[in-house]
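Residues per chain, in single letters:
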Amino acid sequence: MATVLQLPQPTWFIGCGNMGGAIIDGWRAGGLDLNPITVIRPSGTPVAGVRTVASIGDAGFEPKLVVLAFKPQKLDEVAAQLRQYVGNDTIVVSLLAGVELQSLRHRFPDTFAIVRAMPNLPVAVRRGVVGLYGENLDAQAQAQRFVNDLFSALGFAMWTSDEQRLAALGSVAGAGPAYVARFVAALTKAGMARGLTEEIAATIAQETVLGTVWMASANHEDMASVARRVASPNGTTEAGLAVLDGDEHVLDRLIAATIDAAARRGAELAAEARRVEEPARLS
Ligand SMILES: NC(=O)c1ccc[n+]([C@@H]2O[C@H](COP(=O)([O-])OP(=O)(O)OC[C@H]3O[C@@H](n4cnc5c(N)ncnc54)[C@H](OP(=O)(O)O)[C@@H]3O)[C@@H](O)[C@H]2O)c1
């Protein structure tokens, strides 16, 4: 019989905004028992079915698993309070975009294992993509398996061999839902410009993206083939694709520039986090 996936008691979420909330929603949808979780967030805003407190001091027993789900800029502020609760049997999972493992290890020198996870928002409906990267995983195979199981419950989870690849995965998948959202919105606006109501235009744009990707995934079909099957020679779609592709592949260049800009910001965040204070000076 398969073993039931269980969160360790206690599990702390430090921060629970868009991404922390999406992960908890996904685990809830997957039937995980959320009782071990304590959410710590300054506002104390309740999270359905989960114990929520406003400060680390109110959280209780030292955690076995800590999910860092606040903005990277808050790392030093949080680490100064959290470090004393993170012991040599604690697994720290960091969602902090751009913050490298070495920067985390400096802040939490005693913790058993640190894993970086780069999820995207569809984890909330268990159709997410999660990039994972950890240190010294041969020695920590059990921790790796456990974190792998937790995130595989939220969609497609994969380990990367280095942090550059994790950053690459995050630049496409982590940020991707925002870009897809903009594409669907642009399709909606175009539908409205052709006389459709906003409601109809938005619905068909969304369903078209969902249906296309679903079909391709179900058929293991690549996107070039999908486009070929829609566009008959000299037909209407081909006229449209001629604009998107253009002489200079305008869409490819736009997306590449978009992802470059996000990657540059990721590098800046990593550099900020690298400017680490010595742990002794944090206490
Ligand atoms: N959003 C995404 O799609 C995405 C994708 C990949 C990675 N990430 C990463 O996930 C992390 C969270 O992003 P997000 O989009 O969820 O941000 P968010 O919606 O702004 O949530 C931030 C959370 O941090 C909490 N917080 C702020 N200051 C805190 C403190 N001093 N101690 C403890 N908690 C504190 C906030 O508490 P209150 O709720 O009380 O205000 C809030 O719950 C970031 O590091 C980001 O890089 C996000």
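All values reported here derive from a predicted model rather than from experimental measurement.

Engineer: In this structure, what is going on with a nonpolar patch on the surface? I would like to understand it.
Structural biologist: Side chains of Leu244, Val250, Leu251, Leu254 and Ile255 sit close together on the surface and give an oily, nonpolar patch of about 380 Å² of accessible area. By the secondary structure assignment, isoleucine 255 is in helix 10 (residues 250-274).

Engineer: So what exactly am I meant to see when it comes to the pairing of strand 1 (residues 11-14) here?
Structural biologist: Looking along a regular strand, one sees the side chains alternate between the two faces of the sheet. Side chains Thr11 and Phe13 of strand 1 all project onto a buried face; the interleaved residues Trp12 and Ile14 project onto the opposite face, where all are buried too. Pairing of strand 1 with strand 2 (residues 37-40), which is carried by 4 bridges, proceeds in the parallel orientation. Paired with phenylalanine 13 across the strands is valine 39, a residue of strand 2. Sheet topology places strand 1 next to strand 4 (residues 65-68); 4 bridges connect them, and they run parallel. In the sheet register, threonine 11 faces strand 4, and the bridge partner there is leucine 65.

Engineer: Where do I start with the nonpolar core in this structure?
Structural biologist: A general feature of soluble globular proteins is that nonpolar side chains tend to end up buried together. If you look at the biggest cluster of nonpolar residues, it comprises 35 residues, and the most contacted ones within it are Trp27 and Phe151. The set of elements that each furnish at least two residues to this core consists of helix 1 (18-29), strand 2, strand 4, strand 5 (91-94), strand 6 (113-119), strand 7 (128-134), helix 4 (141-152) and strand 8 (155-159). Considering each element in turn, this core owes the most residues, 5 residues, to helix 1. Setting aside anything within four residues of it in sequence, one finds tryptophan 27 in contact with Leu7, Phe13, Leu32, Leu34, Ile37, Leu150, Ala153 and Leu154. Judged by nonpolar contacts, the second largest core, of 25 residues, contains Ile14, Val53, Val86 and Val92.

Engineer: I'm lost on the environment of glycine 21 in this one. Help?
Structural biologist: Among the secondary structure elements, glycine 21 is positioned in helix 1. For the pair formed by glycine 21 and glycine 57, sequence separation is 36 residues and the distance between their alpha carbons is 21 Å.

Engineer: Before we go on, may I ask you to explain the packing of helix 6 (residues 176-193) against helix 7 (residues 198-219) in this structure?
Structural biologist: The description of two helices packed together rests on the angle between their axes and the distance between the axes. Following both chains from N to C, one finds helix 6 and helix 7 inclined at 135°, their axes separated by 8 Å at the closest point. Considering their axes alone, helix 6 and helix 7 lie oblique with respect to each other. The two elements helix 6 and helix 7 cross, and the hand of that crossing is right-handed. Residue-level inspection shows Val180, Phe183, Val184, Leu187, Thr188, Gly191 and Met192 of helix 6 in contact with helix 7, the latter providing Glu198, Ala201, Ala202, Ala205, Gln206 and Val209. When its residues are assigned to classes, the contact of helix 6 with helix 7 shows 9 nonpolar, 3 polar and 1 charged.

Each value, and the rule that gives it
- Residues numbered from 1 in each chain as written.
- Predicted model: local features only at pLDDT ≥ 70, side-chain atom pairs only at ≥ 80, totals over all residues.
- Heavy atoms only, no water.
- Patch = residues over 30% accessible without salt bridge, like charges linked within 9 Å, V, L, I, M, F, W, Y side chains within 5 Å.
- Areas by Shrake-Rupley, 256 points an atom, 1.4 Å probe, with all protein chains shown as cover.
- Salt bridge = Lys/Arg side-chain N within 4 Å of Asp/Glu carboxyl O.
- Helix = DSSP H or I, 4+ residues; strand = E, 2+ residues; numbered from the N terminus.
- Buried < 20%, exposed > 50% of the residue type's maximum accessible area, 1.4 Å probe, protein only.
- Pairing = 2+ DSSP bridges.
- Core = buried A, V, L, I, M, F, W, Y, C linked by side-chain atoms within 4.5 Å.
- Contact = heavy atoms within 4.5 Å.
- Axes fitted to C-alpha atoms, helices over the stretch in contact; angles between N-to-C directions.
- Parallel < 35°, antiparallel > 145°, perpendicular 65-115°, else oblique.
- Left-handed = near helix turned anticlockwise from the far one by under 90°.
- Nonpolar A, V, L, I, M, F, W, Y, C, P; charged D, E, K, R; others polar.

Worth remembering: the numbers are spatial, not functional.
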